[in-house]
Amino acid sequence: MLPALPKSGLWAMIWITMVTTLTPVSCRTLTMHAYDTSEPSPQPILQFPLVFRTQRVGIQRILQHPTTKTHFPKMTLTTWVYLKSYCRFEGNEKCSILSRLNEEGVPQTPTIYLGSDGRIVFAGQLISGPSNLVLSGFTLPLEQWVSIQLNIYKLDIIITVRNREAQQLGIMTFTFDHMLSLDYGKYDWNFGGDLWHFSIEGALGLTDVYVNQHVDPNRIRWPTPTHSMFFLGSGPSETCKVMRFNLYRILKNFDGTQEQMKFENEKDESYFEDTVRRVGDQLLQQAYPLIEQGRVIEGYKLLSQAECYHSINGSYTKAVLSAPDRTPDGSSYINGAINGHVLSDLALAFRHRFDTGSNGIPADCELALVYYERLAIEAHETINNATLKVRSVTVRLKASNYMTCWNMPFK
């Protein structure tokens, strides 16, 4: 049985409100410190999107210790977040984005949660003793990528949220009474779920930590428009929109424009989406014989259509085929994983663990571990023997402290 969250009086909740213009407001006057003028030097944490499905599963990273010491806490962290839903679990009102916990489960600096209403919760340990929680006054959007940047400098924290066009969606500032305690090496840097909290439902993308650096938000490392994580949240292509609209016209006997397309109620929309998925599965079944006959390009076109109609198996099969006219980037695997497709999880686990960059998926033992652990959790009811095998692998990987897993044979 998992230990309960600590409920001691050391926990203090501090509520921050934001005006509608998203101008920062604080319980105290924030002293705006000058950003560093030196060239930012990030330590990469994640280069490729990592999918989470609300489990106590996360990835641990080890930071290089700073070569120079400061007499006060100073750091910058940036991470990209894609949310499918907010954290809604009875008795567990916060999901973990980044957690640094001591042996009793008390959050250390910095810890970032997602609240059940979609707001960011910052947790940090003060030098004077108690942990403090600070709650933002803005809500993170669903089904789109946003950048979360955390700056810690002396008594102050600044959290800036921007979209992929670098437009600011919200900013939170707060000044503590005492300095935060920040030790880069004493506690694990755990991204995703942990022993006390579920992970978010969604994905984490490009993530960097700037050790002992106070970096201007305009100077952080920014992903290119073609980064693999942006496959999620990009919306259907124009071709897919036209295909879905044509199906709508047939079902509704509709002769209006695509802009006039609408549903009477939720039940009507749900029926349409179910029909879309059935059409996608039918196209997938038509593609299989063509592929078996060696008519791969024809089959691939049908798979592309099936993907437009939300066929997760069609999307997965596309990824497996890696057709000659397609740039391999692993995006179809990511799409499958975030929609609960077990084979996509398995493919990502295998390629992260054993491949050397095929399909654009980087070799990363620790990322593979996240997917293998999830497979063990989700599959143990039906494939008990495989579960025992996978669990034994994950235990061995964890026992290696993530330092030698590349040299460990899977037997």
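Residues numbered from 1 in each chain as written. Predicted model: local features only at pLDDT ≥ 70, side-chain atom pairs only at ≥ 80, totals over all residues. Heavy atoms only, no water.

Caption draft 1: Representation of the overall build of the protein chain within the structure. Scanning the protein chain from terminus to terminus reveals 8 helices and 14 strands. Looking at the protein chain residue by residue over its 411 residues, the buried ones come to 52%. Surface exposure of the protein chain reaches about 20,000 Å², of which carbon and sulfur atoms provide 53%. (Helix = DSSP H or I, 4+ residues; strand = E, 2+ residues; numbered from the N terminus. Buried < 20%, exposed > 50% of the residue type's maximum accessible area, 1.4 Å probe, protein only. Areas by Shrake-Rupley, 256 points an atom, 1.4 Å probe, with all protein chains shown as cover.)

Caption draft 2: Looking closely at the pairing of strand E13 (residues 189-192). Here 4 bridges tie strand E4 (residues 58-61) to E13, and the two strands are oriented antiparallel to one another. Bridge pairing links arginine 61 to tryptophan 189 in E13. Pairing between strand E6 (residues 94-99) and E13: 2 bridges, direction antiparallel. Bridging from a neighbouring strand, leucine 98 pairs with phenylalanine 191 of E13. (Pairing = 2+ DSSP bridges.)

Caption draft 3: Spotlight on the packing of helix H4 (residues 312-321) against helix H5 (residues 331-338). With their axes 8 Å apart at the nearest point, H4 and H5 run at an angle of 150° to one another. In this view, H4 runs roughly antiparallel relative to H5, as classed from their interaxial angle. Crossing handedness for the pair H4 and H5: left-handed. Each of Ile312, Ser315, Tyr316, Lys318, Ala319 and Val320 in H4 lies in contact with H5, whose residues at this interface are Ser332, Tyr333, Asn335 and Gly336. Considered class by class, the residues forming the contact of H4 with H5 number 5 nonpolar, 4 polar and 1 charged. (Axes fitted to C-alpha atoms, helices over the stretch in contact; angles between N-to-C directions. Parallel < 35°, antiparallel > 145°, perpendicular 65-115°, else oblique. Left-handed = near helix turned anticlockwise from the far one by under 90°. Contact = heavy atoms within 4.5 Å. Nonpolar A, V, L, I, M, F, W, Y, C, P; charged D, E, K, R; others polar.)

Caption draft 4: Fine view of the packing of aromatic side chains. This structure, assessed with the given rule, holds 14 aromatic pairs. Centroid distance tyrosine 248 to phenylalanine 263: 5.7 Å. Interplanar angle 90°. Geometry classified as edge-to-face. Residue tyrosine 248 is located in helix H1 (residues 238-252), and its partner phenylalanine 263 is located in the loop between H1 and helix H2 (266-292); the two are separated by 15 residues in the primary sequence. For tyrosine 248, a relative accessible area of 4% corresponds to the buried category. Overall, the relative accessible area of 24% leaves phenylalanine 263 in the partly exposed class. Ring centres of tyrosine 248 and phenylalanine 272 lie 5.8 Å apart, and the angle between their planes is 80°; on these two criteria the pair is classed as edge-to-face. In this pair, tyrosine 248 sits in helix H1 while phenylalanine 272 sits in helix H2, placing the two residues 24 residues apart along the sequence. On the accessibility criterion, phenylalanine 272 (2% relative accessible area) is buried. The structure contains a cluster of three or more aromatic residues connected by ring pairs, namely Phe245, Tyr248, Phe254, Phe263 and Phe272. (Phe/Tyr/Trp six-rings, centres within 6.5 Å; stacked < 30°, edge-to-face > 60°.)

Caption draft 5: Representation of the side chain of arginine 244 within the structure. Within the element layout of this structure, arginine 244 appears in helix H1. Side-chain polar atoms of arginine 244 contact the side chain of glutamate 273, separated by 2.9 Å. Arginine 244 has contacts with Phe272, Glu273, Val276, Cys308, Tyr309 and His310, leaving out every residue within four places of it along the chain. (Polar contact = N/O pair within 3.5 Å; in protein donor to acceptor, adjacent residues only side chain to side chain.)

Caption draft 6: Structural detail: H2. Over its 27 residues, H2 extends 40 Å from the first C-alpha to the last, a length consistent with the 39 Å expected when each residue adds 1.5 Å. What H2 keeps buried is the set Asp268, Phe272, Glu273, Thr275, Val276, Val279, Gly280, Leu283, Leu284, Ala287 and Leu290. Following H2 by one or two positions, glycine 294 has its phi on the positive side, about 85°. (Expected span 1.5 Å × (residues − 1).)

Caption draft 7: Focus on the nonpolar core. Core analysis: the biggest nonpolar cluster contains 70 residues, and Leu77, Phe122, Leu140, Ile157, Trp189 and Ile200 have the highest contact counts within it. Setting aside its immediate chain neighbours within four residues, leucine 140 contacts Leu83, Tyr86, Leu114, Gly118, Ile120, Val146, Ile148 and Val161. Counting 17 residues, the second-largest nonpolar core is a separate cluster that includes Leu247, Leu284, Cys308 and Tyr309. (Core = buried A, V, L, I, M, F, W, Y, C linked by side-chain atoms within 4.5 Å.)

Caption draft 8: Geometry of the state of the cysteines. A full pass over the atoms with the stated rule returns 2 disulfides. With its sulfur 2.2 Å from that of its partner, cysteine 87 forms a disulfide with cysteine 95. Across the S-S bond of cysteine 87 and cysteine 95 the torsion is about 80°, and the bridge reads as right-handed. Its relative accessible area of 1% is what places cysteine 95 among the buried residues. (Disulfide = S-S within 2.5 Å.)

Caption draft 9: View of the pattern of salt bridges. Tallied over the entire structure, the rule returns 14 salt bridges. For the salt bridge of aspartate 364 with arginine 61, the shortest nitrogen-to-oxygen distance reads 2.7 Å. Of this pair, aspartate 364 sits in the loop between helix H6 (342-354) and helix H7 (365-379) while arginine 61 sits in strand E4, and the two are 303 residues apart along the sequence. Arginine 61 matches aspartate 364 in its accessibility class, with the two residues each being buried. For arginine 374, the salt bridge identified is with aspartate 345, shortest N-O distance 2.9 Å. Within this pair, whereas arginine 374 is found in helix H7, its partner aspartate 345 is found in helix H6, the two being separated by 29 residues in sequence. On the basis of relative accessible area, arginine 374 is assigned to the buried category, the value being 2%. For aspartate 345, a relative accessible area of 0% gives the class buried. Taken together, the shared-partner salt bridges connect Arg53, Asp345 and Arg374 into one network. (Salt bridge = Lys/Arg side-chain N within 4 Å of Asp/Glu carboxyl O.)

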